[in-house]
Amino acid sequence: MAISSIQLLSPAHCSISDAKSSAFPELATVRQIFPILHTNPRTLFFDNAATAQKPLPVLEKVEEFNRASCANAGRGAYSWSRRLSREVEETRKRVANFLNSSSELIAFTSGATDSLNMVATMWGLENLADGDEVMLCNEDHASSVLPWYNVQELLSRRGVNIKIIPFAVHSTGTYDRKSFRAGLGPKTRIVCLSHIHHLYGMEMDIAELKTLVPEQVFVSLDASQSVSHIKVDAEALAVDFISFSAHKMFGCNGTGVLWSSPRAVAQMWPTRVGAKTTLSSGSGRFNVARDKLSQLVECGTLNLPGILSLKAAIEFIESNGIERMSDYISGLTIYLLEKLKSVEGIEFAPGIGVCDCTKGFGIISFRINGFDSADIGAYLDSEEIFVKTGDQCLGSGKTDDDLIRISLQIYNTAQEVDRFLEVLNEAISS
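Scoring rules and cut-offs
- Residues numbered from 1 in each chain as written.
- Predicted model: local features only at pLDDT ≥ 70, side-chain atom pairs only at ≥ 80, totals over all residues.
- Heavy atoms only, no water.
- Axes fitted to C-alpha atoms, helices over the stretch in contact; angles between N-to-C directions.
- Helix = DSSP H or I, 4+ residues; strand = E, 2+ residues; numbered from the N terminus.
- Parallel < 35°, antiparallel > 145°, perpendicular 65-115°, else oblique.
- Left-handed = near helix turned anticlockwise from the far one by under 90°.
- Contact = heavy atoms within 4.5 Å.
- Nonpolar A, V, L, I, M, F, W, Y, C, P; charged D, E, K, R; others polar.
- Core = buried A, V, L, I, M, F, W, Y, C linked by side-chain atoms within 4.5 Å.
- Buried < 20%, exposed > 50% of the residue type's maximum accessible area, 1.4 Å probe, protein only.
- 1 Å grid on protein atoms, 1.4 Å probe; cavity = no way out; pocket = protein on both sides within 12 Å on 5 of 7 lines; lining within 4 Å.
- Points joined across faces, edges and corners; volume = space filled by probe spheres on them.
- Phe/Tyr/Trp six-rings, centres within 6.5 Å; stacked < 30°, edge-to-face > 60°.
- Lys NZ or Arg CZ within 6 Å of the ring centre and 35° of its normal.

**Student:** Where do I start with the packing of helix α15 (residues 373-382) against helix α16 (residues 414-429) in this structure?
**Tutor:** Axes are the key here: two packed helices are described by the angle between their axes and the distance separating the axes. Running from amino to carboxyl end, α15 crosses α16 at an angle of 130°, the nearest separation of the two axes being 10 Å. In terms of axis orientation, α15 runs oblique to α16. Considering the relative orientation of α15 and α16, their crossing is right-handed. On α16, the residues touching Ile376, Tyr379 and Leu380 of α15 are Phe420, Val423, Leu424, Glu426, Ala427 and Ile428. Counted by class, the contact of α15 with α16 contains 8 nonpolar, no polar and 1 charged residues.

Listed below in structure tokens is the structure:
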């Protein structure tokens, strides 16, 4: 079996009852190609919503670049540069196929935060007029929220006043439909959504929400928490922007993707210029080509090893089957939930812990009444169990530092969940 082609369990083998008896022979193989886990066998990495570990094929691709072909793509006529230029475009095509789209609509960025800021500045600054409204949820990730408050400030300095219309999250962890409907109006120009919530771990029913949004209203989607194990189909989602990072889907840090619909590309204006930016002859004005998103977004030297790692990461995901990955993570999330329900004093945040859902997406957040979550996190850390505590990056600015977030990936196991629960119970009983 090739190291980059791991056989995950079928949905039937992911049930709670047989998770320990059936899962480990094959999952041991999964873990073997993640060197950091193989060399740190006691470590339980339960902070995968922050970043995912890197499989061997990804690491090998980065090492190959640095050891064997380090050059600058598109900057030379020699063989290394030409080969890297081809590899960048091959990666762009691979990303496009992964999203069921075309390569003309794909641009590489430094990450999801960069992509989301570009949506706000490259589209927002160019198109929003006085009185226009931007709808967003302040409980989404700060990177989805704050760029629009920044645009609001920048526009106000020009005498253009736009409104931010917030909508709420329901107690179950999905967007509140009543609040969402109430926010839509004749001045709504764009709606900003998350595919899977970074703290509450719920799939946010994008298809249903889209039926409520008028066709002329643009939709920006943060897919950071879904793209590694949930199919992100640009055509089926029918949104205008999709943003995500490579490092949360097994690629390297410092690389991201922005996808834009054709109508969005036609309305965007570059906010950064440099190499590859051209001026119209004799006019001193920028010659802005609107047939490819990359011509608007990419300038200067790209993060070449990061981009190459993204291609390897997508190949890794596709070789294992994103639906099987999704099923496995869902089964493990439900297993974790059932275990957590037995913990004395536990209070679940919105999400799978309160909605009585039958499908999980790898994220559960909670607090233990009477205990400081930072203290529990420190105790877990002393036992080499890594979870997220402290600031949970909400756009509202609330720290929610009393919450503990557990986020899972395909290399996590039911045995790890069992050990985590043992140590958690030790932490609150000591």
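Now that the structure has been shown, we can carry on.
**Student:** Please clarify how the nonpolar core should be interpreted in this entry.
**Tutor:** A general feature of soluble globular proteins is that nonpolar side chains tend to end up buried together. Core analysis: the biggest nonpolar cluster contains 99 residues, and Trp148, Leu193 and Phe250 have the highest contact counts within it. With 9 residues, helix α12 (residues 304-320) is the largest single contributor of residues to this core. Those residues within four positions of Trp148 in sequence are excluded, and the remaining contacts are Val119, Ala120, Trp123, Gly124, Leu128, Val134, Leu136, Ile164, Ile190 and Cys192. Residues Tyr335, Phe366, Phe420 and Ile428 belong to the second largest nonpolar core, which totals 30 residues.

**Student:** Is there a simple way to explain the layout of surface pockets in this structure?
**Tutor:** To locate leftover empty space, one rolls a probe as large as a water molecule over the atoms. Each pocket or cavity is described by its volume, and for the second largest pocket that value is around 190 Å³. Looking at the second largest pocket, it is lined by 15 residues, and the ones nearest its centre are Ala112, Thr113, His141, Ser224 and Lys248. The element best represented in the lining of the second largest pocket is helix α5 (residues 112-127), accounting for 3 residues. Tallied by class, residues from the lining of the second largest pocket come to 3 nonpolar, 10 polar and 2 charged.

**Student:** What should I look at first to understand the packing of aromatic side chains in this one?
**Tutor:** What describes a pair of aromatic rings is the distance from one ring centre to the other and the angle between the planes of the rings. This structure, assessed with the given rule, holds 10 aromatic pairs. Where Phe34 meets Phe316, the ring centres are 5.8 Å apart and the plane angle is 80°; that geometry is what we call edge-to-face. Here Phe316 lies in helix α12 and Phe34 lies in the loop between α1 (19-32) and α2 (35-38), a separation of 282 residues in the sequence. Exposure remark for Phe34: the relative accessible area of 0% places this residue in the buried category. Three or more aromatic residues joined by ring pairs make a cluster, and in this case those are Phe34, Phe250, Phe316 and Tyr411. A cation sits over an aromatic face here: Arg263 above Phe218, 4.1 Å from the ring centre.

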